[in-house]
Amino acid sequence: MKLDRQTIVLGARIVDKRAAIEAVGKILVENGFIQPGYINSMQKREEVANTFLGNGIAIPHGLPEDRELINRTGIAVLQIPSGVTWNPGETASLVIGIAAKSDEHIGILTNLTRILDDPQTTARLAQTTDPASIIDVLSGPAASDQPTVPEINLEGFSSVVVQVSGEHGLHARPATAFVETAKQFAADIIVVHGDRSGNGKSLVDLLKLGVSSGHSIQIHARGEDAAAALAALQAAVAAGLGEEHEPSTPDAALNHGWQPQNVAATIPGIKASPGLAIGPVRQYVHERIVVDKNSNDPEAEKKRLRQAVAAAKENLQQLYDEVRAKTGAAKAAIFKAHLAFLDDPELQLEVRDRIDAGRSAGSAWQQAIDERIRDLEQHEDPVLAGRAMDLQDVGRRVLKHIAGVIQEQPFIPTEPVILVAEDLTPSDTAALDPALILGLCTAGGGPTSHSAIIARSLGIPAMVSAGPAVLKISDQTLAILDGDSGTLYLEPSEEDRNTAAQARQELDSLRDEEFRRRFEPALTLDGQRIEVVANIGTAAEAEQAVKAGGEGVGLLRTEFMFLGRDAPPDEEEQFKNYTAMLASLNGLPMIVRTLDIGGDKEVPYLDLPAEDNPFLGERGIRLCLKRPDLFSAQLRAIYRASLHGPLKIMLPMVSTLEELAAAKQLAEQARLAVGAEPVEIGIMVEVPSVAVMADAFATQVDFFSVGTNDLTQYVLAMDRLHPTLAAKADSLHPAVLRMIDMVVKAADQAGIWVGVCGGLAGEPLGAVILAGLGVRELSMVVPSIAAIKARLRNITLEDARALARQALACPDLEQVRKLQLPTGEQR
């Protein structure tokens, strides 16, 4: 398509952004491109996304759901020589309104992005009095409808062409799904989009392609399994690459109706998470990380890098599990993307080459990451450009394990504060303590960023895109942050503080009630108690679990002591860790799961062979029985610690009675060696063989603990981390629930108890159904404890049983998800 003079207005005088959008929208209406209602959609889009590209150019457009108001594809240009404030610190002189019914406008936008780094050209266009100047630049020969295919050797490659869907195209999460699918095949895979190409197994390469929604890519594959790879990738793209729709606006907020009357300054931004926060401002400062520049021992540096990456992967996997339990798989998926960054073959090769050239591991890693961050930041697509923050997050995570950190203490305020930052990585936000963070305000970011999503899940009022002015606010400045309007008010009057506090109190009353009663037991309305305990992976989390209302620890993952090091922890180190945790629990019980590790985790000192399917290989109890030296040392440490507090032993990934018998024999030898009394020994129910033979296993153990995450993937034959199947690997599937029902009935018959320590225990619907099935202990991530206890206090056990019977009778997952939670009288 071509611009013409009728769609260009020069020399406009506009008072503000809203008027500019109205004016450029009217040009589109007058030229028959849109219906008048689409202008309102353009205004709404601006509330949830920043359309300012930079260098004086803004491209307002409407929400995707309002495309029916577009008559035909068109572009209008509004020139404002004096400029108009688009956002704080951003002035637009060229406002280009877009009505995109098809992709005919892409050539113009391509030319537009190419002049963003040309201030002389944009300045000239902002002042020109000749429409032809704008037409020549935006519709010139560079905007070819036939992009030049890169000159790459595709001899021997087979190809398919597919169209990418999803709201934001091939951004981090769907690109991760593509990479994970591609890596299942040995074939070489190249992806081509327009005049760019990249390695189909490299997440960074895919992001650099800049593939927007609705655009096509060519997938080329060469190798013995090329045909299978192309078929799998074509199917994965057609299925949406595991992408779930994320609402373009934050969750609906309660209308508090509060407005200030007397404040020193008002800083507008974009709303990201509802609620009111009142308190002192505190500027966020990242840890400073220092790395050596050079090294004379490349092999030692490569080893350091491998260990750091392995430790970072374990950190990310734990973070994924925790956020998934709090907010669901879709919102936690960004941490899977972070894991994919760490596996990027192009990145790994480049870092190794830099080390061979004399760089230290830290310096080589930092240089490679920084280059990729710069590449992503230059993308014209703001969603893809925003992924640079994710890559920075991954880079810092690895560097912390390699380098010296000057500020070794994590960022922990000493008082509740409104946190102000240039931007926050997803890990930064997920690690925040809602008790100390009253509100979040970032200079950059957007309302659909991963950090904003996590802030909402934590119930922290937040605003984004407030501009660089917020970074100059002095610490301890009193402020009110209104997450419902996206506004920060500085130095409010006493009256404003009082009225805001009253409004906030009304909004927080239900949440506060849950928190106040967190230490009360989860007694159903008819007096039946369900124990609510915590899943933890580190010593620090034991104390957090108690403070959150946990009644003990239902799952201690002991892997944290074995990862990111040159040798396994000895018996004494493990003993000290276990006793420290028991001391933090102050008499509450703790279930210690023995080492659950295998080919899916990189532990250099174990010399584990790579496995095609590590989840079906030597992991859990199989590895422990193969390495009795490791297993016996751990068992001795556990039995020694049992003298210092109530403790139970849980064996992971047991699949046969023979494995159980061998493990119990080693445990008994360890107990006798240290002179300890017997403790209860249970097993994780994670594989179907144990569930269907639960009656036989129940006579050999003291308890069962169902690991719903693994049990689900084995029952449904779906990898719970698979890029396109993960959303379907839902533990509420009737097949999984029937397995749990079998386990509970067998346990009841044998007189033992059943707990659940998988993600299903921390989900409200799942917790009630599990209670109805007869599960008596629910173990979950720490942040879920208070809410689940509150939910259980509002039901009768008979109501839960009725709901469980309904769930067992459902034919599919969708029907289970539609079941309504029972409600009882508030006690």
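Look a little higher up for the structure.
Every value quoted in this text rests on a predicted model; they were computed, and no experiment measured them.

A. Up close: the side chain of K789. Position of K789 relative to the elements: it lies in helix α28 (residues 785-793). Among the residues examined, K789 registers a relative accessible area of 0% and is labelled buried. At a separation of 2.9 Å, a polar atom in the side chain of K789 contacts the main-chain carbonyl oxygen of G549. Apart from the residues within four sequence positions on either side, K789 is in contact with R518, F519, E520, P521, A522, V532, G549 and E551.

B. Just the packing of helix α26 (residues 734-750) against helix α29 (residues 797-809), in detail. Between α26 and α29, the least distance of the axes is 8 Å, while the angle of their chain directions is 125°. Taken as axis vectors, α26 and α29 run oblique relative to one another. Along this stretch, α26 crosses α29, giving a crossing that reads as left-handed. Residues P734, L737, R738 and D741 of α26 form the contact with α29, whose own contacting residues are A807, L808 and A809. For the contact of α26 with α29, the residue count by class is 5 nonpolar, no polar and 2 charged.

C. Region of interest: α28. The element α28 is extensively covered by neighbouring structure, given that 7 of its 9 residues are classed as buried. Along α28, the residues classified as buried are I785, A786, I788, K789, A790, L792 and R793.

D. Broad picture of the packing of aromatic side chains. Evaluation of the coordinates by the stated rule reveals 2 aromatic pairs. For the pair W258 and Y489, a centre-to-centre distance of 5.7 Å together with 80° between the ring planes defines the contact as edge-to-face. With W258 in the loop between α8 (226-238) and β10 (265-268) and Y489 in strand β19 (residues 487-490), this residue pair connects regions lying 231 residues apart in the sequence. With relative accessibility at 8%, the residue Y489 sits in the buried group. Between F703 and W753, the aromatic rings sit 4.8 Å apart at their centres with planes inclined by 10°, giving stacked as the arrangement. With F703 in strand β26 (residues 703-706) and W753 in strand β27 (residues 753-756), this residue pair connects regions lying 50 residues apart in the sequence. With a relative accessible area of 25%, W753 lands in the partly exposed category. We note R518 situated over the ring of F515; from NZ or CZ to the ring centre the distance is 3.9 Å. Here the guanidinium or amino end of R640 rests over the ring plane of F575, the centre of that ring lying 4.1 Å away.

E. A look at the pattern of salt bridges. This structure, assessed with the given rule, holds 30 salt bridges. D188 is the partner of R222 in a salt bridge, and the nearest nitrogen-oxygen pair spans 3.6 Å. One end of the pair, R222, is in strand β9 (residues 216-222); the other, D188, is in strand β7 (residues 188-193), and 34 residues separate them in sequence. For E763, the salt bridge is made with R817, and the minimal N-O distance between the two is 2.2 Å. Highlighted residues: E763 in the loop between β27 and α27 (764-773) and R817 in helix α30 (residues 813-817), separated in sequence by 54 residues. Shared partners join several salt bridges into a network, and the residues in it are E559, R593, D596, R619 and D710.

What counts as what
- Residues numbered from 1 in each chain as written.
- Predicted model: local features only at pLDDT ≥ 70, side-chain atom pairs only at ≥ 80, totals over all residues.
- Heavy atoms only, no water.
- Helix = DSSP H or I, 4+ residues; strand = E, 2+ residues; numbered from the N terminus.
- Buried < 20%, exposed > 50% of the residue type's maximum accessible area, 1.4 Å probe, protein only.
- Polar contact = N/O pair within 3.5 Å; in protein donor to acceptor, adjacent residues only side chain to side chain.
- Contact = heavy atoms within 4.5 Å.
- Axes fitted to C-alpha atoms, helices over the stretch in contact; angles between N-to-C directions.
- Parallel < 35°, antiparallel > 145°, perpendicular 65-115°, else oblique.
- Left-handed = near helix turned anticlockwise from the far one by under 90°.
- Nonpolar A, V, L, I, M, F, W, Y, C, P; charged D, E, K, R; others polar.
- Phe/Tyr/Trp six-rings, centres within 6.5 Å; stacked < 30°, edge-to-face > 60°.
- Lys NZ or Arg CZ within 6 Å of the ring centre and 35° of its normal.
- Salt bridge = Lys/Arg side-chain N within 4 Å of Asp/Glu carboxyl O.

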